[in-house]
Structure formats: C-alpha cells, structure tokens
Amino acid sequence: MGRVAEQGRPDRSRHKASARRETPGRRSERKPPSERRSDRQPREPAGRGRRPAAGERPGLARRENEPAVPEGVDSRSLHASVRAELRGLPKELAEIVAAHLVVAGQLIDEDPELAYAHAEAARRRAARLPIVREAAAETAYAAGRYDVALSEFRALRRMTGSQDYLPVMADCERALGRPHNALKLAREADRVGLDPALRIEMIIVEAGARRDLGQDEEARRLLERAVAAVRPGRAAPLAVARLRYAYADALLHGGKDAEAREWFAAAAQLDHDQETDAQLRADQLDGLLIDYDEEDETEPLQEPQQGSQR
C-alpha cells in the first residue's frame, strides 16, 4: 500500500507485502490461519446492511458494520498517483474512498484489522480501481486474512498484468498450508523474471516452503546460492539483509551456530533501520544478553554491614 501510506506512517515501496509476514526477526508467533479465522464473525454479504436513505447516492451511505472515518482526515496526503486514480470517480464518492484509504494506511501497522475494515469500505465503493484492491490486499495480508489477500492479489495481477505480486501470492499459499502451490509460483517467477529485490523475496519464500515440506537441506542450499550471487548495490540493502538473515536462520536451524552468528552480523551491517532483529540474534549467539529479574529490580538496596571490606 505504498502510495496510500503517506499520512501517519513511513512510505513503503509498492508490492512489499511479502516482507510483512516473512520479515525475519519481526514475525510474531501466530496461530494457523484456520484458527485465527475461527473466532471471527463471518463477513456480511454484500447485499446486507443499512439501506441508503432517500436521496443518497449508491456508495455514499455508510453501512452499520463499516468503520467511521475520523474527523480531520486529509485526503491530500495521498500520493499524487493515488489521487489521479481516484479522479475517475464522482467527487463525493472519491472523497469517501480517499478518506478510507488514508486511514487504512495509518492503521496498517498498529491495528491491521481496523485498517482492513477501512480498505474494505473503499473496495465496496471502487472495486475496479487497482489502488483500492491493493489496499484491500495488503491490509488483509497484514491482518492475517491470507485467503482474502490471495484473492485480492490475484485480482490485481489480472488487472495490472504485473508479475510483481508473485512473491506475496506464494507467501499467502504458504500461510494457508499449501507449500506446493508456493513452489509452483516460484517456478513461474523464474520464467517471467522479477527485479532483484522481489527476486530475493521469492527466494526467501521458496526456501520457507522447502522447510515446510521438511526439505531443510534444499532450503539451505537455495539460500546459500542466492547469498553468494547477490551483492549490495545490485539490490536494496534491506533486501540483501533479509536474505542474509534467512540464510543465518537456516544455518542455525541446521546446528551451525558459528556460521549463523557470522551471517546474522552480516545482515545487521546492512539493516540500518533495524527492520530485522539480526543484531539481537548475533548477540544471543555471543552470549551477551542478560535476563533481568524484575523482582530483583524492585528490592531495596542492602546497606553494607559495618566492618565489611570493600
């Protein structure tokens, strides 16, 4: 959602959703997608909800289950290309869609479920616009709704003809427990060609799919070849850092702690904004981290006894 995310959070390059679930060091412990969806309320069918009041144009009325746009949202903060894409809509409708996109961009990191609700509100009104489908796809991905995200990314690929969505589509397949489908998309990416950063993303996802299938050695060989072939300057530093991190993690998983420590450190050198926890992992392997007992911190300091030697 790079073009949408200019207000309230740093801008992102487009089609970086695959970095969200797989970003090494940032991936949280998550339930399987099927478990996460089990406690959600089913999505309301499109035809239900509050009917538009008399005189309201279709698409302008807010549904009962739709989040309200906070006051003070400035749609002018959207990227110029997003605003241009919205000009094809009637003015009032474009303003509503733009406001939902702004809020979705602001919330995607801190409250992805609510961000998705806003993106879905925009999608309901302007499903034919790629930027709106992109917002729905990335917020669904961030919220762990990988089935919805996969459907939206597929639609985007058809609408735009871009192959850049292949890595994130493969990662959605992995999240849905279908590593074989992820590998099929990886082979497809090999045929069409991707730019260096997205190629790295695909390699990381492909290696993850191999590990899902118990093919740890093949996953490690895949990452080793990629690490040897890629140099900083040919791809974005963070992409190379993530590749090094994935290789280090594979080495550690294989019991090669010393080599893993070197590659975690090498990843940290390129991860200037600490998007990964590469330095933390290296420190752990160095034994430099100390676990503090919070109870000890609250105990009063004991005065040294008289006559004790310093």
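Residues numbered from 1 in each chain as written. Predicted model: local features only at pLDDT ≥ 70, side-chain atom pairs only at ≥ 80, totals over all residues. Heavy atoms only, no water.

Caption draft 1: Representation of the packing of aromatic side chains. Tallied over the full model, the rule gives 4 aromatic pairs. For the ring pair Tyr 245 and Phe 264, a centre distance of 5.1 Å and an interplane angle of 75° mean the geometry is edge-to-face. Pair noted here: Tyr 245 is in helix 12 (residues 237-253) and Phe 264 is in helix 13 (residues 257-270), with a separation of 19 residues, a long-range link. Just as Tyr 245 is buried, Phe 264 falls in that class too. (Phe/Tyr/Trp six-rings, centres within 6.5 Å; stacked < 30°, edge-to-face > 60°. Helix = DSSP H or I, 4+ residues; strand = E, 2+ residues; numbered from the N terminus. Buried < 20%, exposed > 50% of the residue type's maximum accessible area, 1.4 Å probe, protein only.)

Caption draft 2: Structural context of the pattern of salt bridges. As enumerated under the stated definition, the model contains 18 salt bridges in all. A salt bridge links Glu 113 to Arg 145; its shortest N-O distance comes to 3.2 Å. With Glu 113 in helix 5 (residues 112-125) and Arg 145 in the loop between helix 6 (130-142) and helix 7 (146-160), this pair connects stretches of sequence that are 32 residues apart. You can call Glu 113 partly exposed: its relative accessible area is 30%. Note that Arg 225 is salt-bridged to Glu 218, the shortest N-O span being 3.9 Å. Note on Glu 218: relative accessible area 24%, which makes it partly exposed. (Salt bridge = Lys/Arg side-chain N within 4 Å of Asp/Glu carboxyl O.)

Caption draft 3: Structural detail: the nonpolar core. Among the nonpolar cores identified, the biggest contains 29 residues, and Ile 200, Ile 203, Leu 223, Val 240, Leu 243 and Phe 264 are the most heavily contacted of them. Counting residues per element, the ones that place at least two in this core are helix 10 (196-212), helix 11 (216-229), helix 12, helix 13 and helix 14 (278-286). In terms of residues, this core owes the most to one element, helix 12, which gives 10 residues. Once you skip the residues sitting within four places of it in the chain, Ile 200 turns out to touch Val 230, Ala 235, Ala 239, Val 240 and Leu 243. Counting residues in hydrophobic clusters, the runner-up holds 27 residues, among them Leu 156, Ala 175, Ala 189 and Val 205. (Core = buried A, V, L, I, M, F, W, Y, C linked by side-chain atoms within 4.5 Å. Contact = heavy atoms within 4.5 Å.)

Caption draft 4: Structural view of the environment of Phe 264. Exposure remark for Phe 264: the relative accessible area of 0% places this residue in the buried category. Taking C-alpha positions, Phe 264 is 8.8 Å from Asp 277, a pair spaced 13 residues apart along the chain. Residues within four places of Phe 264 in sequence aside, it is in contact with Tyr 245, Ala 248, Asp 249, Leu 252, Ala 278, Arg 281, Ala 282 and Leu 285.

Caption draft 5: Molecular detail of the packing of helix 7 against helix 8 (residues 166-175). Relative orientation of the contacting elements helix 7 and helix 8 amounts to 155°, with a least axis distance of 9 Å. With respect to helix 8, the element helix 7 is oriented roughly antiparallel. The interaxial crossing formed by helix 7 with helix 8 has left-handed handedness. Residue-level inspection shows Tyr 146, Ala 149, Leu 150, Phe 153, Arg 154 and Arg 157 of helix 7 in contact with helix 8, the latter providing Leu 166, Val 168, Met 169, Cys 172, Glu 173 and Ala 175. (Axes fitted to C-alpha atoms, helices over the stretch in contact; angles between N-to-C directions. Parallel < 35°, antiparallel > 145°, perpendicular 65-115°, else oblique. Left-handed = near helix turned anticlockwise from the far one by under 90°.)

Caption draft 6: Inspection of the confidence of the model for the protein at higher detail. Averaged over every residue, the pLDDT of the protein is 81; the share at 70 or more is 74%. Averaged pLDDT values over the elements of the protein bottom out at 36 in helix 2 (residues 33-38) and peak at 98 in helix 8. Low pLDDT, under 50, characterises residues 4-20; the predicted model gives this stretch 53 contacts beyond four residues in sequence or across chains. (pLDDT = per-residue confidence, 0-100.)

Caption draft 7: Summary view of the side chain of Thr 139. Structurally, Thr 139 is set in helix 6. Only 3.3 Å separates the side chain of Thr 139 from the backbone oxygen of Ala 136, close enough to count as a polar contact. (Polar contact = N/O pair within 3.5 Å; in protein donor to acceptor, adjacent residues only side chain to side chain.)

Caption draft 8: Seen up close, unusual backbone geometry. Even without being glycine, Gln 274 reaches a positive phi, approximately 55°. In this structure, Gln 274 sits in the loop between helix 13 and helix 14. Here Gln 274 falls in the exposed class, since its relative accessible area comes to 66%.

Caption draft 9: Just the packing of helix 5 against helix 6, in detail. It is at 8 Å that the axes of helix 5 and helix 6 come closest, and there the two elements cross at 155°. Accordingly, the angle class assigned to the pair helix 5 and helix 6 is roughly antiparallel. Helix-helix and strand crossings are classified by hand; for helix 5 and helix 6 the assignment is left-handed. In this structure, helix 5 uses Pro 112, Ala 115, Tyr 116, Ala 119, Ala 122 and Arg 123 to contact helix 6, whose residues at the interface are Val 132, Arg 133, Ala 135, Ala 136, Thr 139, Ala 140 and Ala 142. Of the residues contributing to the contact of helix 5 with helix 6, the split by class is 10 nonpolar, 1 polar and 2 charged. (Nonpolar A, V, L, I, M, F, W, Y, C, P; charged D, E, K, R; others polar.)

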